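# Close look at the chain arrangement
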Amino acid sequence: MNNTTRIKKNYQLIKFQKLVIVSVLIGFLSAFLGISLKKITEYYEEIFFYQASLNPIYIILFPVFGLSVIYFLREYLFRKKENKGIKEIFESTNSKSKNLPNYKIPSHFINGLLTVVFGGSTGIEVSTVVASATIGSVAQRKQNVFRQYKTELICAGVAAGVTALFSSPIAGILFAIEVISRKVTRAFLISNLIAVAIAFGLVSLLDEKPLFAVSIETWHLRAIPYFILLGILAGINSVYLTRCVLLFKSQFSKIKIHYYKILIGSLILSISLFFFPQLYGEGYHAIKGIFVHSNDVTLSFSLGLTFIGIILLKPIVTSATLASGGDGGVFAPSLFIGAFLGLLVALLLNTYLKANVIPVNFMVIGMAAVLSASIHAPFTAIFLVCGLTNDYTLFLPILVACLISKYTAKMIYPFTVYSYSASLSK
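What counts and how
Residues numbered from 1 in each chain as written. Predicted model: local features only at pLDDT ≥ 70, side-chain atom pairs only at ≥ 80, totals over all residues. Heavy atoms only, no water. Helix = DSSP H or I, 4+ residues; strand = E, 2+ residues; numbered from the N terminus. Rg over C-alpha atoms; globule rule 2.2 N^0.38 Å. Buried < 20%, exposed > 50% of the residue type's maximum accessible area, 1.4 Å probe, protein only. Contact = heavy atoms within 4.5 Å. Areas by Shrake-Rupley, 256 points an atom, 1.4 Å probe, with all protein chains shown as cover. Lys, Arg positive; Asp, Glu negative; His and termini not counted. Charge placed at Lys NZ, Arg CZ, Asp CG, Glu CD. Axes fitted to C-alpha atoms, helices over the stretch in contact; angles between N-to-C directions. Parallel < 35°, antiparallel > 145°, perpendicular 65-115°, else oblique. Left-handed = near helix turned anticlockwise from the far one by under 90°. Nonpolar A, V, L, I, M, F, W, Y, C, P; charged D, E, K, R; others polar. Polar contact = N/O pair within 3.5 Å; in protein donor to acceptor, adjacent residues only side chain to side chain. Phe/Tyr/Trp six-rings, centres within 6.5 Å; stacked < 30°, edge-to-face > 60°. Lys NZ or Arg CZ within 6 Å of the ring centre and 35° of its normal. Core = buried A, V, L, I, M, F, W, Y, C linked by side-chain atoms within 4.5 Å.

Next up on the list: the overall build of the protein. Across its full length, the protein holds 17 helices and zero strands. Here the protein has a C-alpha radius of gyration of 22 Å; the compact-globule value for 426 residues is 22 Å, and the two agree. On the principal axes, the C-alpha backbone points of the protein span a range of 80 × 55 × 40 Å. Expressed as a percentage of the 426 residues in the protein, the buried residues total 58%. Sequence separation of at least 24 residues holds for 82% of the intrachain contacts in the protein that already meet a minimum separation of 6. Total accessible area on the protein stands at roughly 18,400 Å², and carbon and sulfur atoms take up 65% of it. The averaged location of the 17 negative side-chain charges in the protein is 15 Å from the averaged location of its 36 positive side-chain charges.

So, on to unusual backbone geometry. For K354, which is not glycine, the phi dihedral falls at a positive 50°. With respect to the helices, strands and loops of the structure, K354 is situated in the loop between α13 (331–352) and α14 (359–375). Its identity as a non-glycine residue notwithstanding, N356 has a phi of 55°, on the positive side. Of note, N356 is situated in the loop between α13 and α14.

Below, the discussion takes up the packing of helix α9 (residues 224–252) against helix α16 (residues 395–412). Contact geometry for α9 and α16: axes closest at 7 Å, N-to-C directions at 40°. Put simply, α9 runs oblique to α16. Along this stretch, α9 crosses α16, giving a crossing that reads as right-handed. Where α9 approaches α16, its residues F227, I228, G231, I232, A234, G235, I236, S238 and V239 are matched on the opposing element by P397, V400, A401, I404, S405, T408, A409 and I412. Looking at side-chain class alone, the contact of α9 with α16 contains 12 nonpolar, five polar and no charged residues.

What follows is about the environment of T93. Relative to the elements of secondary structure, T93 occurs in helix α3 (residues 86–93). A relative accessible area of 17% means that T93 is categorised as buried. Excluding anything up to four places from it in sequence, T93 contacts T151, I154 and I180. A distance of 3.3 Å separates a polar side-chain atom of T93 from the backbone oxygen of F90.

Turning to the packing of aromatic side chains, a few remarks are in order. Enumeration over the complete set of coordinates arrives at 22 aromatic pairs. For the ring pair F72 and Y76, a centre distance of 6.1 Å and an interplane angle of 10° mean the geometry is stacked. Here Y76 and F72 lie together in helix α2 (residues 57–76), a separation of four residues that amounts to about one turn. With relative accessibility at 42%, the residue F72 sits in the partly exposed group. Measuring from ring centre to ring centre gives 4.8 Å for F336 and F340, while their planes differ by 40°; the resulting arrangement is tilted. Of this pair, F336 and F340 both sit in helix α13, separated by four residues, roughly a single helical turn. F340 sits in the buried class, given a relative accessible area of 2%. The structure contains a cluster of three or more aromatic residues connected by ring pairs, namely F48, Y58, F62, F65 and F118. The ring of F336 has K314 lying over it, and the distance from NZ or CZ to the ring centre is 4.6 Å.

Core analysis: the largest hydrophobic core is formed by 108 residues, its most contacted members being I89, F175, L384 and Y418. In terms of residue count, α13 provides more of this core than any other element does, 14 residues in total. Not counting residues within four places of it along the chain, the set of residues in contact with L384 comprises V162, F166, S168, A171, F331, L335 and L371. Core analysis: the next-biggest nonpolar cluster, separate from the first, contains 17 residues, V22, A31, A139 and A187 among them.

Encoded structure:
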């Protein structure tokens, strides 16, 4: 009896040690992938966007070229297998037989990079998430002892990838819980905590700066009704984004010749980018620009129309990008819409109601609120945006706006882009 107990304890110890080692590897590889994709994308997006701003002909050429290259890579390098985004992760975690194949790592890395660099109006976040999830999936298939930890190790890759992108280990773990796993086991905690610790360690070692250098000011209790208003508007805008993506994918799926999809999607992109260059790529360059000047902006009729046009067009160009073959998701578009929505609301309140609210605060809260409603993950959104700005001053108003935006969105439309896809795959 003692020998049997000792053997079981030794087996559990060995299994634990192996789980720790594989979690370290997943964390490092996923973080390295995420940081590499972020750095390369930022570098080339800046170069290509600068060229497009100098010569408008590139605004026409870049989208059709980028989407065409992605199409040919999919046809001839990746054997006609489409990238389905986070739906692929749900299909893998909900099935014992389905796994994320190895080619998903280079496929999402390359396609995500090409989509954003050539003007596709989305972000690299979902590309990173699926590629890093595949790292976890590959790891769990290497030894039989890990077969029972399939979801946990996939989530470890996802959490590490999100940590690397947004410098927020808490956001990484919360995204894995709120969106992917929806349950927490002992193995989940061990593998995910280790993976995000390694990922955050690598981010710190490389001295990665916050994406947005923002000076957050204090906030006042009298602004809470306005935060609630912003939360409601964020929820409505997130539903508009979700419905746009689903509608475009549904309509484009009826087009049998793929190159027609590319031409239509590129046309929508080029026209939109010509009038609103802020929509180019993930749009972080535009967010940084309005952060710098937000306190000096005076609302005019033309500026108000510009902001409204950007907010209304962003879901359309994002949907056209994804439906015509681009690789990405709704992370970056949600942050983009939220920043412009928050600034517009603040300017309207200050101009017409003399509310004297702080525009920068409304931009940050708007980013979190739209993201919360778009993915139905308020706590992920809170820590992700606080990680992006490296400031937790607005934690309480962000929490209020995120919860209100999520439940406003759910009341109007119960699905996100991710949960709608997951419901179809069941």
